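What follows is each chain in one-letter form.
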Amino acid sequence: MNDTGKQEIKIKRVSSRKRSRDSLHTHLRKRSRDSLHTHLTPARRHLQQCLSSTMAEIQAVEYCSDSEDLFGDYDSLLEDSSLLAKLDDVEHNERQRDVQSDFTAPRPSCADVLTDSILDDLGDDLLEDLPPSLHQFQEQVHEGAKRSRLQRADKTSTPLRNTELQRNTEGNESKVRRSVADQLKRTMLCNAASPAAVSRSAALKEAVVSEEVSVAMRAMEAVCAESTDLGPFFGLPSKVKELMSKLRGIQSLYDWQETCLNLDCVQRRKNLIYSLPTSGGKTLVAEILVLRELLCRKKDCLFILPYISLVQEKVRGLASFGLELDFMVEEYAGTKGRFPPVKRRNKRSLYIATIEKAHSLVNSLIETGRIDDLGLVVVDELHMLGDGSRGAVIEMTLAKVLYMTKATQIIGMSATLGNIRDLQTFLKAENYTNDFRPVQLREYVKLQDTIYEVDPKDEECFRFSRLLNFKYSSSLQKLDPDHIIALVTEVIPTHSCLLFCPTKKNCENVAAMICRHLKQDFLQHREAEKAVLLRELKDSGSGSVCPVLRRTVPYGLAYHHSGLTSEERKLVEEAYSNGVLCLLTCTSTLAAGINLPARRVILRSPYVATDFLKRSQYKQMVGRAGRAGIDTVGESILILQDKDRLTAKTLVCAPMENCFSNLMHDDGKGLRSLILSLVGLNITTSLDQLRDFLCGTLLYVQRRQLCVEKSLTEELRQCVHFLKDKLLITADGQTLHVTKLGKATYKGSVDLTYSNVLYKDLSKGLEGLLLNSYLHLVYLVTPYDMGSQCKPDWMLFFRQFTLLSAAEQKMSAAIGVSESFVARKAAGQTVRKSVNMEVVSRMYLALVLFSLLKETNLWNVSDRFQLSRGFIQSLLSSSSAFCCCVLHFTEELEEFWPFRALLTELTRRLSYCVTSELIPLMEVAGVMESRAKQLFHAGYKSLTHLANADPAALCRTIENLQQKQANQIVASAKMLLNEKAAALQEEVDELLTLPADLPTARTL
Ligand SMILES: Nc1ncnc2c1ncn2[C@@H]1O[C@H](COP(=O)(O)OP(=O)(O)OP(=O)(O)O)[C@@H](O)[C@H]1O
Ligand SMILES: [Mg+2]
């Protein structure tokens, strides 16, 4: 509405001299007009129609009287009460509709939403034509409204009872939410600041308009200079280009990367979603934008990645950039990351975070009023929005950023997005799509002994390509009916191959089966390096090597799935990347993890366990084929049985699946925790504000497709009711407040289902905390939801129980797991007394963790408890993450003060689970236990040793350490050391800074 008015005002100005300036104005207005027509929601259209008719009258007048005074018109417009009355009416009606209409009632808007103020709803496109003064004003209004909401309540969890204060702030807020008409008045007044001084002559008008245009141009130039073109490499110093070449081997950008970076919307820092096929080179574009934000705009950035391993890889990869270009690279994954982040005076930070940590980080920045420091948020693999509870967390994070600040740009990328429109609406983002792939990908399917090429344009979808050329004996035919050996030996050992299998067990079996039938020649290929790999695997297992790997590695084969320890996985990945291993049999998890391309990708079957593959899973898997710069072509082969032929056609040819909001996933768990944190952070404190907020979520955009059974208002009410019921929030009239327990819950990212149980367990713990052993503390931080994943082996349980000290047994009995109970179960007797089996299972897992902490040898513990080492590893990492959560939980609750120091140390122990002298080395991203041991034995005993090491010397002394890895280790160590030192320095500076509000003699 405002824009329409503004546009018309422009037309008025142009009118007196429109012929001479036509081109300039066409250029300036084109986008807005387009966007007005294409992006207007019915609500806005309605609004615009009302205004258009209003404005048409003015326009008619204006065009009739070309010689009339411009500012006279403005004045008369201001005086035109009928126009302002209409504006008021239109705005009022829209507000009423917004407030009254039920969320699920078909609102006139589908592409966009009306939020806090109608002004908010006018997308940035529509604001482009506003003069800079109004832009600034607009932003001030918006930010003011948000801030006033944040600041008006006490920042602690103490409920706000002062109604006076409330009334005042409400008054302020209503002032802040000035009506559109008011703003229009003010703007016009601003623009016509000196009407009296301007003569009515055409010459003066010309002069004034010229002046205004040149002021606007200067302002635009200033903004551009500030935000972008500071250097020759996409606005960055040429040093960045040199580093890209030196550290990444990238000499020039792909055409699409250049086009994308030069997009008008990118230049203007608008939100952006870009989608390209796998291996398209999406990361580089995001990284250049990140660097621009850090170096040119001097703002912090957040890079969100889905897995800890990816975060660590990115930290390692960008640490050198940080050192050379003078910014911090901070890891937020697992138990790493400070909340709120250290405020750095002279340096900008790049936070590289997992989904969960990114959410906590954004929360803490909002809480401390520092969200505006965040200039850019990048979400890699944006399709993860559709991935269950993790998707819900991404949605919450982005919705909060969108709601809290207009200063933060959001960029999302993905290779597998079906419904980009929905996401665009949610993120108010532009879209860039291209089907570029540096290495062409040829997709094939195999049916019996025939290979067909996938051709979506072909009616049959599959086009005959060739017959498989192999000679199988009848016994081999029985062993390998799918001809996997024939398929892999066409490429290995010269080229690499990935073989995706439906289950973990299948990965191991297939790897073993293949190497039984490989020629002895394979043994000679890179023999020495394979021997080193085996030694390293042995070291990582403290002397033990997986028997399957021991057999397959000499042939250049390995399996890769979550049953391996993270150290084994890393060793296997590195060996595969370096070509020491030429074939990995793996599960679908590899496709989404680290970038491990292959010449040929084979899908053993179109299933993951018993589920038929999803289109996006298939795309991610086959997308690993083709190494940029190495292969000229990549190929994938999907092995099919006749029965799956038809379904497979849909799989390979159908459009990408859509990605849907997960706030309602798992019975609305996401929505509940979102509401709790919104109230806790004082972002929203009433039902109305909550509804406003929800209008900015993906859930709202997709509310009809998701067919939310109840209306969103109803869902909202129920969630609030649930939170009150759980004593996480309270209501004081219309105002919602978070309780201390609620605050502890969202700050600790504790699942709402368990927050009460956790509170009780910790309280009970306080009554008799066992401190001469870790067992009790470990039990308290064993994740509640892991118990169901492992059934106790009663005999083992009993044996372990008997090894506990008397005090430990007593503690176990106190929580409900007594020796007699375990003994009876082990003896196969029935137990009449009712026992909480969840507690029993947690206690069993606590025993596993306890053993692990005591002897730090995962293999022994895996043997003792007959659990896979992969499971134990994931139990350990989940427990360390939960320990960190419990620590944050206790920090908010005064009564739990004794836990803080204890849990800080326990988090550290669980995170690394090694002897304490190795911990400082393992803090460096990507340094794992056996590498840490090697370094320690070579004399690098501390972080300072590593940070000052010479990478070349490291390579010489540490077996099988490549130069690139050594560089990355030293760079990461330097970065970590800098970060720690800078944090201490900040603390020193803060301590020595004179407080601004120090009472002076006069104030006393
Ligand atoms: N301009 C370039 N020149 C040479 N290599 C490049 C260029 N841009 C990217 N690459 C390389 O291409 C490879 C794939 O890039 P990247 O990981 O960004 O792909 P992606 O689009 O994110 O794929 P995915 O969807 O699989 O994650 C990387 O090894 C990267 O270094
Ligand atoms: Mg990528």
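Residues numbered from 1 in each chain as written. Chains lettered and ligands numbered in written order. Predicted model: local features only at pLDDT ≥ 70, side-chain atom pairs only at ≥ 80, totals over all residues. Heavy atoms only, no water.

## Quick look at the sheet that holds strand β3 (residues 328-332)
Here is step 1 of the chain: Taking strand neighbours across the sheet as the criterion, the seven strands line up as β3-β4-β2-β5-β6-β1-β7 in an open arrangement whose pairing is parallel. Both edges of this open sheet fall to β3 and β7 (430-433), since each of them pairs with a single strand only. In this sheet, neighbouring strand axes are inclined to one another by 15 degrees on average, regardless of whether the strands run parallel or antiparallel.
Here is step 2 of the chain: Where strand β2 (residues 300-304) meets strand β5 (residues 374-379), five bridges bridge the pair, whose relative direction is parallel. In the strand pairing of β5, Leu302 is matched with Val377.
Here is step 3 of the chain: Docked against the sheet, helix α16 (residues 308-325) engages β2, β3 and β4 (349-353), running at close to 170 degrees with respect to β3.
Here is step 4 of the chain: Contacts between helix α17 (residues 355-367) and the sheet are confined to β2, β3, β4 and β5, with β2 contributing the most and set at about 150 degrees to the helix. (Pairing = 2+ DSSP bridges. Helix = DSSP H or I, 4+ residues; strand = E, 2+ residues; numbered from the N terminus. Axes fitted to C-alpha atoms, helices over the stretch in contact; angles between N-to-C directions. Contact = heavy atoms within 4.5 Å.)

## Description of the packing of aromatic side chains
Here is step 1 of the chain: With the rule as written, the count across this model stands at 18 aromatic pairs.
Here is step 2 of the chain: Between the aromatic rings of Phe233 and Phe234, the centroid separation amounts to 5.2 Å while the plane-to-plane angle is 80 degrees, which identifies the pairing as edge-to-face. There is no split in this pair, since Phe233 and Phe234 are both buried.
Here is step 3 of the chain: An aromatic cluster is present here, built from Trp794, Phe797, Phe821, Tyr844 and Phe865 joined pairwise through their rings.
Here is step 4 of the chain: In this structure, Arg703 packs its charged tip against the face of Tyr700, placed 4.0 Å from the ring centre.
Here is step 5 of the chain: Geometry around Tyr779 places Arg842 over its ring, the cationic atom sitting 4.5 Å from the centre. (Phe/Tyr/Trp six-rings, centres within 6.5 Å; stacked < 30°, edge-to-face > 60°. Buried < 20%, exposed > 50% of the residue type's maximum accessible area, 1.4 Å probe, protein only. Lys NZ or Arg CZ within 6 Å of the ring centre and 35° of its normal.)

## Section: the pairing of strand β6 (residues 409-414)
Here is step 1 of the chain: Within β6, six of the six residues are buried, which leaves the element mostly enclosed by the surrounding structure.
Here is step 2 of the chain: Side chains of β6 alternate between two faces, with Gln409, Ile411 and Met413 and Ile410, Gly412 and Ser414 buried alike.
Here is step 3 of the chain: Summarising the sheet, strand β1 (residues 272-275) and β6 pair through four bridges and their orientation is parallel. Across the sheet, the residue bridging to Ser275 is Ser414, located in β6.
Here is step 4 of the chain: Crossover connection from β5 via helix α18 (residues 388-404) to parallel β6: handedness right-handed. (Right-handed = clockwise from strand over helix to strand, strands pointing away.)

## Quick look at the nonpolar core
Here is step 1 of the chain: Leu302 and Phe797 are the most contacted members of the largest nonpolar core, which totals 124 residues.
Here is step 2 of the chain: The biggest single contributor to this core is helix α40 (residues 837-855), with twelve residues.
Here is step 3 of the chain: Aside from chain neighbours lying at most four places away, what touches Leu302 is Tyr351, Ala353, Ala358, Leu361, Val362, Leu374, Leu376, Val377 and Val378. (Core = buried A, V, L, I, M, F, W, Y, C linked by side-chain atoms within 4.5 Å.)

## A short note on the packing of α16 against helix α48 (residues 963-992)
Here is step 1 of the chain: For the pair α16 and α48, the least separation of the axes is 8 Å and the interaxial angle reads 60 degrees. Judged by the angle between their axes, α16 and α48 are oblique. Along this stretch, α16 crosses α48, giving a crossing that reads as left-handed. On α48, the residues that touch Arg316, Gly317, Ala319, Ser320, Gly322 and Leu323 of α16 are Gln968, Ala971, Ser972, Lys974, Met975 and Asn978. (Parallel < 35°, antiparallel > 145°, perpendicular 65-115°, else oblique. Left-handed = near helix turned anticlockwise from the far one by under 90°.)

## Quick word on the state of the cysteines
Here is step 1 of the chain: Within the structure shown, the criterion is met by one disulfide.
Here is step 2 of the chain: Across the disulfide, Cys461 is cross-linked to Cys653 (sulfur-sulfur distance 2.2 Å). With the S-S dihedral at roughly 70 degrees, the linkage between Cys461 and Cys653 falls on the right-handed side. Of the two residues, Cys461 is situated in the loop between β9 (450-454) and β10 (462-467) and Cys653 in helix α29 (residues 645-653); the sequence distance between them amounts to 192 residues.
Here is step 3 of the chain: Cys653 gets classed as partly exposed once you look at its relative accessible area, which sits at 26%.
Here is step 4 of the chain: Not part of a disulfide, Cys582 finds its nearest cysteine sulfur in Cys497, a span of 8.4 Å. (Disulfide = S-S within 2.5 Å.)

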